[in-house]
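# Topology and contacts: notes
The primary structure of each chain is shown beneath.
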Number of protein chains: 2
Amino acid sequence: MKIAKFALGLDFGTNSVRALIVDVGNGDEVGTAIFAYPSGAAGILLDPKDSNLARQNPADWILGIETAVPEAIDEAKKKGRAFVPENIVGIGVDTTGSTPLPVDRAGKPLALYKEFKKNPNAHAWLWKDHTGHAEAAEITALAAAEHSEYLAKCGGTYSSEWFWSKILHCLRTDPKVAAAAYSWVECADYIPGLLTGVADPLRMKRSRCAAGHKAMFNDRWGGLPAKAFLSKLDPRLGELRDRLYQKTYTSDIAAGSLTKEWAKKLSLRPGIAVAVGSFDAHLGAVGSGVETGRFVKIIGTSTCDICVWPTSKKLPDVPGLCGIVDGSVLPGYLGLEAGQSAVGDIFNWFVNEIEPGGPKKGSHAALTRKAAALKPGESGLLALDWHNGNRTVLVDQRLTGLLVGLTLRTRPEEIYRTLIEATAFGALTIIRRFEEFGVKIRDVVNCGGIAEKNPLVMQIYADVTGLEMKIARSAQTCALGAAIAGAVVAGRKGGGHDTFAEAQAAMAGIRKKIYRPNGVNHKVYLELYPLYRELHDAFGTKEWTGSLFNVMKDLLAIKDRQRR
Amino acid sequence: MKIAKFALGLDFGTNSVRALIVDVGNGDEVGTAIFAYPSGAAGILLDPKDSNLARQNPADWILGIETAVPEAIDEAKKKGRAFVPENIVGIGVDTTGSTPLPVDRAGKPLALYKEFKKNPNAHAWLWKDHTGHAEAAEITALAAAEHSEYLAKCGGTYSSEWFWSKILHCLRTDPKVAAAAYSWVECADYIPGLLTGVADPLRMKRSRCAAGHKAMFNDRWGGLPAKAFLSKLDPRLGELRDRLYQKTYTSDIAAGSLTKEWAKKLSLRPGIAVAVGSFDAHLGAVGSGVETGRFVKIIGTSTCDICVWPTSKKLPDVPGLCGIVDGSVLPGYLGLEAGQSAVGDIFNWFVNEIEPGGPKKGSHAALTRKAAALKPGESGLLALDWHNGNRTVLVDQRLTGLLVGLTLRTRPEEIYRTLIEATAFGALTIIRRFEEFGVKIRDVVNCGGIAEKNPLVMQIYADVTGLEMKIARSAQTCALGAAIAGAVVAGRKGGGHDTFAEAQAAMAGIRKKIYRPNGVNHKVYLELYPLYRELHDAFGTKEWTGSLFNVMKDLLAIKDRQRR
C-alpha cells in the first residue's frame, strides 16, 4: 500500500489565518484549523479619526501559525489513521495583498520592536487601507504622463490599496518609521521568509504575484518602476528601490526549506520545502482548477475573477483589467485578474440597510425564495451594480448604483433579484471583455460562500452568461491552492508533484452539481443585457453625445461638499 | 345683527360623499358629515378577472345625500345657535370625473333598474376605470390623424379614464346596456339634475368642466367632437352625439332649484339654487383661493395642479398640460390643469412595499424625522418620480421610476427624502412649463393631507421651486369650493354672493404658516435640478442623440410579455 503524503496550506486572511492539511494523492482535506487574530477589531487595527486606516499586527500571523498548524495536525490525527505529520512534504502560503510592512535590515518587522509596537505605521498596511489615496492619484498621474506602460498592466489606475501608495504615504507622514524601515516586504514575502529563515530582504525570494499585481513589477521594463520615476515621486522612494528586489518568483519555486526551530514548534519534518507566496485569490484560482479557457470567480462581498493565458501566446493589453502578470497564478501563464467591487455586499446592503425595520434572520433566504419564483424580466426592473464603484471594465470608484423600472407595485424580492441580475450582467461584461481580446472562456468555476449556498445566484449567472457554472469542490480553495503549491515545491521525488497541472489534477476538483443555462431564460437575458450595456455606457463612459457620465460624478461632488 | 347665511357643498369622492355647511360670510365650516359608499369594496365595484374595471353604484350617491346632509345639519345645529337649516341659501356639487353613467330617456340611471342592477356596465364608470384603454388609443390615433386640435387642449393623448373611451368600450362589449342607454351623463351632471328634478338628458345643464376636460368639448369647434369623427369610431357613437348636449355651463350658473321632495327629505328650503356641477379638483382650487398667478396643488396619492388665466388674454396651447378649458374653474378664466401621476403613492410604496418586514405604524413619521435632518444633496441620490408614469409634461404612462447614486451606505431615510425631492422636481418642471408659455406663477397654495401634515414635504417644495408654499385654510377645499358655488348661485340677493371673487374673498383663505424658500438649500437644488432634467430628458424624450428613451419602454415590453 502506498503511504499517503500531505501538503500544508497556510491562508492568511483579513481576520484570521487558516491551516489546511491536504492529501496530495486525492485532495482529501484531512485537517483544518482557524486562528482569529487577537489584535484590534477582528484582527484589524483601526483609527477612530481616520476611516481609511486599516493595519494588521505581524505578531498575530506568527501566533496564528504556532496555534493553527498544531490544531490542524491534531484534527488530521483524529480523523485518519493514515496521517502522520512527518508525511507533510511541503508548505504553501497565500495571503491578502497588497499588505506591505516595514522591516529592518534583517527582515524583522518594525512592529515587533518595543518602540514601534504602538505605532500603526510600523505594522502591516492591510489591503483595505486607503490612507494613501492622495499618493495613489499622484502615482497614477505621473505614470500616465511618463510611463503609460506601467498602467496598461494594472487597469489604467494605480490604486490606494497598493504597495507604492502606502509606502509613499508613510514616507511623507511618519519620518521615524520611514527612517527605520530598511526595506518593505509584502505579507506574502514575509511568511515564507519567516518559515525558511531567509528573511533578509535582499536575499528572500519575493512573490511574483504581489510584485506584478501591486508594485508594477514587470520584466518588460526591467522589474520595478524606474528609479527616476520613483525619485520624482519622492527621492527616498527612489533610494528604497535599491533595497527592494530585482527578481521575483512564482509559487512553484521554493522560498527555502523549513527551519529546525519552526519544524520543532510545529512537529513537522525540518527541511521540507516552503513555496514562494502568492495572493489568496490567485492560489484560490489554482485550488479551483484554473486552466486555459476556465474563468474562476471567487464570489464574496466583492468578486475576484482569475484566468490564465499561455505566456507563449500573444495577448494584447486588455483594457480595464486589474492586472496582467506573468506567472502570478500558474508558472508559464499570464495571470489575468478582473473583479467586481461589490457583489455579496450589494445583497447585504439591501437586507441590512434598506429594510427600515432592521435586518431579520432569514431575510436573505426568504427574499431568495420569492425571487426564485420570478421570471427574468418579469419585474420590469434593471440595475447597475456600482454601489461600490466599478473595478472592471470601467476602473472607476466614483460610480454609483442605479435602479430603473420602479412602479408602485415593485416588490422587495423583485429588487433583490434585479440586484443579483445586475451582478450577473457585470460578470458578463467582464467575460465579454476577455473574449473581445481573444481570451475565449469555456466554463466558469465559482467558489466562496454565495456560490456554494445560493443556487439562485448560480442559475442566474448561468442564464445570463450562457455558460456553465461549476462550483469548486473545496470550500477553502485558497488554502487548498496554497497546499497545492506546497505539493509542487516538494516535487514528485519528495512525495508531492512536479507541476501545478499534475497537482491540480490530483488535488483540485469541481462538485457534481453544475448549473447549466436555461435556454428560455438566456434568450430573455440576451434582450435585457443590451439595456444594461446602454445604461453602463451612458453613465460609465464619456464616449458619445448625450452621455450621462456627468450625472453620478456631479451627484458625488455635491454630496462630498454637503457632507463637509 | 345680520343673520348668518350658509351654503351646502356636496363632494362626491371615490369612496364616500361629504356634506359641508359653510357660513357664507366668513367661511366657517359649521357642520360636516361623511357617508361611506356601501357597495363593492369601499364603494368601488371591482371585477376579480379584470383589474382595469372600477365602477360606482349611483344608488350609493342618493343614499349618501339622504344620510350625510341631515347629519351635517345636526352637527351644525349642535355647534352654533346661529344656524338654522332654512338659512342654507344654495347648494354646490363637485364630483370625481370622468365618471359617466348610462341613463334612460328620463335621465334615470340604468343601474337603478332591476334588470341592470347586477351589470357593472350599467353603473357609473368610475374615473379610475381603465377598461377602455384600447379604445382610448384608437381615439387618440384618429384625432391625431384628423383633428389634432382636439388633442391640443387635452395634453396630446386621449385617456382611457375619459368619457368617450368608456362609452365606446361599452358599445362594443355590452350591446344590451348600449341599446338601453338613451344618453350618458357625468356624475357631475347627474347630481344637480337629481336635486333639481331636471334630469332629462336633453334639458339638464351639463358641466362645462366635465365636458371640456373629458369629452373634448370646445366652442372653438362647435362643442362636442364632430359627428363624422365619432361615427368613424363607431356609428352608434355618432348617433349618441345627438342625444348628448350642445351647450355646457360653468358653476356660477344654477342647474335649477331644489325640488320640494328633496327639500323635505333634507329639511332644506325648497327652491334654493343648485349650482351646475364641476370636478373635485377644480372646485378644490376655488376653495383654495385660486386666482391669476396662483398655482393650486391638490396633493394626495397623486397631485392635481390647477391655475387660471383670463379668457380675454391670449394664451398659446401649453404642450403637456392635461387640459385647458374656458370656465372649468372660474367663469371668465381658462382653467389650466396639470398633474403628477404619483406623489403620496410613491412615499406609501416605499413604506408599504419595500420594507420587507411589512409596514409599521409610524414609519412615515420616523422616516420623515430622519430625512429632515439631512442636507440637500448629502445623500448623493437622485430619483425620477415616474412610478406611475408622467402625467405632465411628458404625458406618458409608460414611464417608470428611477433611483441613482446608490452606495453600500445608502440609508432608507435618504431614499425617502430623495423620493420627496423627486416629486418636488416634478412640480418645478410643471411650473417652469407654465412660465415658459407666459403663465407667471407668484405663489403656490397647497391642500390635501400631505400639505397639512408634512412640513418637510412643504419645505422641500419651497426650497426646490424657490416659491412660497402656502396651505389652504380649509381641510376640505373641494367641499368648500362646492359650497362657494352654492353661495354664488344663490346670489347676493338670495343671501349669497354675486361672483366667485366675492365668495372666495369671504369664504376661502390660507393658513398663517407659510413655507418660505431657504436660500442656501435653494442654491443646492438649483444644482441638482439640471441633473434631474438630464435624466428626465434622457429617459423621457427621444429628442437627442444617445437618448435612453427606449430603456423604460423595452423593459415594460419584456415585462408585459413575461407576465402573460
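Calculation notes
- Residues numbered from 1 in each chain as written.
- Chains lettered and ligands numbered in written order.
- Predicted model: local features only at pLDDT ≥ 70, side-chain atom pairs only at ≥ 80, totals over all residues.
- Heavy atoms only, no water.
- Salt bridge = Lys/Arg side-chain N within 4 Å of Asp/Glu carboxyl O.
- Helix = DSSP H or I, 4+ residues; strand = E, 2+ residues; numbered from the N terminus.
- Buried < 20%, exposed > 50% of the residue type's maximum accessible area, 1.4 Å probe, protein only.
- Pairing = 2+ DSSP bridges.
- Contact = heavy atoms within 4.5 Å.
- Buried area = accessible area lost by both parts, 1.4 Å probe.
- Polar contact = N/O pair within 3.5 Å; in protein donor to acceptor, adjacent residues only side chain to side chain.
- Nonpolar A, V, L, I, M, F, W, Y, C, P; charged D, E, K, R; others polar.
- Domains from an automatic or database assignment.
- Phe/Tyr/Trp six-rings, centres within 6.5 Å; stacked < 30°, edge-to-face > 60°.
- Lys NZ or Arg CZ within 6 Å of the ring centre and 35° of its normal.

## Some points on the pattern of salt bridges
Inspection of the entire model under this criterion finds 58 salt bridges over all chains. Notably, a salt bridge pairs B:E527 with A:R561, separated by 2.8 Å at the nearest N-O pair. One end of the pair, B:E527, is in helix α19 (residues 519-540); the other, A:R561, is in helix α20 (residues 549-563), on a second chain. Of the residues examined, B:E527 reaches a relative accessible area of 35% and is grouped as partly exposed. Residue A:R561 is classed as partly exposed on the basis of its relative accessible area, which comes to 32%. Here B:D537 and B:R533 are joined by a salt bridge, their closest N and O atoms 3.5 Å apart. Taken as a pair, B:D537 and B:R533 lie in helix α19 at a separation of four residues, close to a single helical turn. Since its relative accessible area comes to 24%, B:D537 is described here as partly exposed. For B:R533, a relative accessible area of 23% gives the class partly exposed. Overlapping salt bridges bring together A:E291, A:R294, A:R442, A:D443, A:E468, A:K470 and A:R516 as one network.

## Here we look at the pairing of strand β7 (residues 100-103) of chain A
A regular strand places its side chains on the two faces of the sheet in alternate fashion. All names here are of chain A. With burial as the criterion, each face of β7 is covered, one bearing P100 and P102 and the other bearing L101 and V103. Of the pairings in the sheet, the one linking β7 to strand β9 (residues 183-186) comprises four bridges and is antiparallel in character. Residue L101 lies in a different strand from β9, and its bridge partner there is V185.

## Some points on the interface of chain A and chain B
On the chain B side, the residues contacting the 60 residues of chain A number 60 residues. Together chain A and chain B conceal approximately 5,200 Å² of surface at their shared face, both sides included; 64% is due to carbon and sulfur atoms. When the area that chain A buries against chain B is broken down by residue, the three leading residues are A:L408, A:L555 and A:Q562, summing to 14%. Viewed at the interface, chain B and chain A are joined by 27 residue pairs in polar contact (both at pLDDT 80 or more). The set of elements that each furnish at least two residues to the side of chain A that touches chain B consists of α12 (344-354), β18 (401-406), α14 (412-436), α19 (519-540) and α20 of chain A. Per element, the largest residue contribution to the side of chain A that touches chain B is 10 residues, and it comes from α20(A). Of the residues contributing to the side of chain A that touches chain B, the split by class is 28 nonpolar, 16 polar and 16 charged. Where β18(A) meets strand β18 (residues 401-406) of chain B, five bridges bridge the pair, whose relative direction is antiparallel. Its bridge partner lying in β18(B), A:L403 is registered against B:L403.

## What to know about the domain arrangement of chain A
Domains assigned within chain A are domain 1 (6-147 + 163-280 + 477-511) and domain 2 (344-433 + 517-563). When each unit is reduced to the centre of its C-alpha atoms, the spacing between domain 1 of chain A and domain 2 of chain A is 35 Å.

## As for the packing of aromatic side chains
Tallied over the full model, the rule gives 33 aromatic pairs over all chains. Ring centres of A:Y150 and A:F229 lie 5.1 Å apart, and the angle between their planes is 90 degrees; this geometry places the pair in the edge-to-face category. With A:Y150 in helix α3 (residues 148-152) and A:F229 in helix α8 (residues 227-233), this pair connects stretches of sequence that are 79 residues apart. Comparing A:Y150 with A:F229, the two get one shared label, buried. Each residue in the set A:F347, A:W349, A:F350 and A:Y416 is aromatic and connected to the rest through ring pairs, giving one cluster. Looking at B:K205, its charged tip hangs above the ring of B:Y249, at a distance of 5.6 Å from the centre.

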